[in-house]
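A structural walkthrough
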Amino acid sequence: MYKEIELTLKPEFINEYRDGYPLISKESVVDWNKVSQEGAIVNLVDNRKKFIVKGYYGIQNKGYGWVLTSKKDEKIDVDFFVKKIKPALKYREDFFSDKNTTAFRVFNGEGDGIGGLTIDYFDGFYMLTWYSIGIYELKETVLEALKSSVEYKGIYQKKRFDTKGMYLDDKDDFVCGERAEAPITVKENGVNFAIYLDDGPMVGVFLDQRDVRKTIRDKYAKGKTVLNTFSYTGAFSIFAALGGSKKTTSVDLAKRSLSKTKEQFTINNIHVDKQDIIVEDVFNYFKYAVRKKLSFDMVVLDPPSFARSKKHTFSASKDYVKLLKEAIQITTKGGVIVASTNSANFSMMTFRDFIKRAFKELNGKYTVEESFSLPKDFRVHDKFKEGNYLKVVFIRKLR
Ligand code: SAH
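These numbers come from a predicted model, not from an experiment.

1. A closer look at the overall build of the protein
Along its length, the protein carries 11 helices and 21 strands. Whereas a compact globule of 399 residues would reach a radius of gyration of roughly 21 Å, the protein reaches 23 Å, a difference of no more than 12%. Overall, the protein is about 70 × 50 × 40 Å in size when its C-alpha atoms are taken along their principal axes. Put simply, the protein shows about 18900 Å² of open surface, and 48% of that area lies on carbon and sulfur atoms.

2. Some remarks on the layout of surface pockets
The volume enclosed by the second largest pocket comes to roughly 320 Å³. As for the second largest pocket, its lining consists of 16 residues, of which Met1, Tyr2, Lys3, Gly39 and Ile41 are closest to the centre. Across the lining of the second largest pocket, the residue classes tally to 8 nonpolar, 4 polar and 4 charged. When we break the lining of the second largest pocket down by domain, the ones giving at least three residues each are domain 1 (4-69) and domain 2 (78-189).

3. Things to note about the packing of aromatic side chains
This structure, assessed with the given rule, holds 29 aromatic pairs. When the ring of tyrosine 320 is compared with that of phenylalanine 351, the centres are 4.9 Å apart and the planes differ by 90 degrees; the resulting orientation is edge-to-face. Of the two residues, tyrosine 320 sits in helix α10 (residues 316-329) while phenylalanine 351 sits in helix α11 (residues 348-361), which places them 31 residues apart along the sequence. Both residues of the pair, tyrosine 320 and phenylalanine 351, belong to the buried class. By way of ring pairs, the aromatic residues Phe230, Phe283, Phe314, Tyr320, Phe346, Phe351 and Phe354 are connected into one cluster. It is lysine 391 that lies over the ring of phenylalanine 346; its NZ or CZ is 5.3 Å from the centre.

4. Comments concerning the domain arrangement of the protein
With domains assigned, the protein is organised as domain 1 (4-69), domain 2 (78-189) and domain 3 (206-397). Between domain 1 and domain 3, the contact holds 6 residues from the first and 4 residues from the second. With both sides pooled, the region where domain 1 packs onto domain 3 buries about 430 Å², and carbon together with sulfur makes up 66% of that total. The largest contributions to the domain 1 side of the interface with domain 3 come from Asp19, Tyr21 and Pro22, which together make up 65% of the buried area. At the junction of domain 1 and domain 3, the tally comes to 0 salt bridges. The tally of links between domain 1 and domain 3 comes to 1 residue pair in polar contact (both at pLDDT 80 or more). Partitioning the side of domain 1 that touches domain 3 into residue classes produces 4 nonpolar, 1 polar and 1 charged.

5. Details of the nonpolar core
One finds Tyr17, Leu117 and Leu128 to be the most contacted residues of the largest nonpolar core, which totals 52 residues. The element contributing the most residues to this core is helix α2 (residues 78-91), with 6 residues. For this core, the two domains that each supply at least three residues are domain 1 (4-69) and domain 2 (78-189). Ile270, Val338, Phe378 and Leu390 belong to the second largest nonpolar core, which has 41 residues in total.

6. Description of the side chain of aspartate 302
Summarising the element assignment, aspartate 302 is placed in the loop between β16 (296-301) and β17 (306-308). For aspartate 302, which is buried and forms no salt bridge, the nearest opposite charge comes from arginine 213, at a distance of 7.1 Å. Side chain to side chain, aspartate 302 and serine 340 meet in a polar contact 3.1 Å long. Apart from the residues lying within four places of it in its own chain, the contact partners of aspartate 302 are Gln209, Thr229, Phe230, Phe236 and Ser340.

7. Observations regarding the packing of helix α7 (residues 235-242) against helix α8 (residues 256-266)
Interhelical geometry of α7 versus α8 gives an angle of 30 degrees and a closest axis separation of 10 Å. Comparing the axis directions of α7 and α8 gives the class roughly parallel. Crossing hand, α7 versus α8: right-handed. Residue-level inspection shows Ser237, Ile238 and Ala241 of α7 in contact with α8, the latter providing Thr261, Gln264 and Phe265. When grouped by side-chain class, the residues that make up the contact of α7 with α8 number 3 nonpolar, 3 polar and no charged.

8. Section: the pattern of salt bridges
Applying the stated criterion to the full structure yields 20 salt bridges. Close ionic contact of lysine 34 with aspartate 31 constitutes a salt bridge, the shortest N to O distance being 3.2 Å. You can call aspartate 31 buried: its relative accessible area is 12%. Here aspartate 218 ties to arginine 217 by a salt bridge, and the two come within 2.8 Å at their closest N and O atoms. With relative accessibility at 18%, the residue arginine 217 sits in the buried group.

Cut-offs and rules
Residues numbered from 1 in each chain as written. Predicted model: local features only at pLDDT ≥ 70, side-chain atom pairs only at ≥ 80, totals over all residues. Heavy atoms only, no water. Helix = DSSP H or I, 4+ residues; strand = E, 2+ residues; numbered from the N terminus. Rg over C-alpha atoms; globule rule 2.2 N^0.38 Å. Areas by Shrake-Rupley, 256 points an atom, 1.4 Å probe, with all protein chains shown as cover. 1 Å grid on protein atoms, 1.4 Å probe; cavity = no way out; pocket = protein on both sides within 12 Å on 5 of 7 lines; lining within 4 Å. Points joined across faces, edges and corners; volume = space filled by probe spheres on them. Nonpolar A, V, L, I, M, F, W, Y, C, P; charged D, E, K, R; others polar. Domains from an automatic or database assignment. Phe/Tyr/Trp six-rings, centres within 6.5 Å; stacked < 30°, edge-to-face > 60°. Buried < 20%, exposed > 50% of the residue type's maximum accessible area, 1.4 Å probe, protein only. Lys NZ or Arg CZ within 6 Å of the ring centre and 35° of its normal. Contact = heavy atoms within 4.5 Å. Buried area = accessible area lost by both parts, 1.4 Å probe. Salt bridge = Lys/Arg side-chain N within 4 Å of Asp/Glu carboxyl O. Polar contact = N/O pair within 3.5 Å; in protein donor to acceptor, adjacent residues only side chain to side chain. Core = buried A, V, L, I, M, F, W, Y, C linked by side-chain atoms within 4.5 Å. Lys, Arg positive; Asp, Glu negative; His and termini not counted. Axes fitted to C-alpha atoms, helices over the stretch in contact; angles between N-to-C directions. Parallel < 35°, antiparallel > 145°, perpendicular 65-115°, else oblique. Left-handed = near helix turned anticlockwise from the far one by under 90°.

Rendered as structure tokens:
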């Protein structure tokens with residue numbers, strides 16, 4: 001039975017929600033005790049019970065739910081989700097008609113009007129990611145809306161709502177339609193990617209780096225030696241190699257990265273033998289490179305926001321300066337460092353400051369060539385700029 005629960009906003013938060021702020025924070029509501037079941041539809045009202053906005057209750061690391069509409073009488077049903085999904089598809093029209101790119105995001109959470117849910121497209125397959133039990137409770141309604149809005153080969157899902165926002169392994173992420181081959185091959189700007197829709201939390205590529213990969217291939221790689229750290233399946237290395245790099249070196253701690261990276265090279269007809277793929281802690285590799293006096297024309301840094309290995313704990317907000325200093329020391333003069341982070345904990349300004357500090361501490365000099373944030377398909381909500389977590393800076397080392 002469809003039911004809505006009334007929750008009272010603290011007065012100081014009312015204007016923010018009237019103004020379109022999409023995240024329902026824990027602090028903004030007085031009487032959370034009135035709602036117990038995640039997925040409940042909640043009407044946020046002022047202390048005279050005047051309606052402000054409607055949303056759903058779902059606990060995520062970011063907050064306690066998301067606003068869905070400012071219309072009091074709007075029901076959160078299949079129609080409602082169709083009205084969100086259709087414009088989202090339209091916004092990606094260019095992607096759907098581009099034969100050279102068959103993997104992209106079609107629905108980006110609050111940016112497309114439903115926080116806590118993303119939908120990615122992989123050559124006819126749709127991948128839903130649920131970020132809270134709350135949004136997952138609405139699964140049947142969302143699915144019906146999606147199925148009536150698109151033609152699909154198959155639909156898959158990832159649940160990312162255990163206590164730390166990590167992936168929940170169901171052993172089977174298939175939802176309906178046809179099962180995908182493992183892997184399927186998708187294209188990005190003409191380059192092949194092997195994608196595994198049902199093999200743990202990650203499918204093989206991070207779609208939000210598309211523009212960065214293209215830039216490396218088209219503008220920076222030619223004739224260069226490239227070190228790709230935290231390389232995962234080697235996506236940056238593949239694009240560098242296709243851009244004519246002299247040689248790529250990919251370094252990742254995870255054992256699976258070796259076979260996965262080989263596979264990506266192979267399906268793009270690049271000789272793996274001429275590329276180095278190293279399974280090792282990046283911080284050890286830096287020490288080795290310094291000892292051996294190695295240097296590279298291009299160094300890509302794309303660490304996770306937080307990672308713990310046997311010897312190191314890395315946190316982007318605390319340790320990025322240190323990471324940059326390691327990279328600067330093994331970058332040739334005139335070479336380029338591609339510094340990337342997906343940490344939502346700090347801004348582009350702070351990130352630029354990290355770069356400044358790292359060079360200053362080494363008495364170095366640099367210029368910023370260009371920078372990137374999320375690409376078009378990762379649509380950001382006007383009133384929720386912190387949703388634009390990606391920061392990538394191309395730095396030229398002058399000294
Ligand atoms: N740059 C990749 C994505 C990186 S994901 C891409 O564009 O596809 C983060 C990767 O960092 C994971 O593959 C993880 O195995 C690796 N990693 C985490 N800590 C590491 C460490 N200390 N040394 C090397 N790799 C590490």
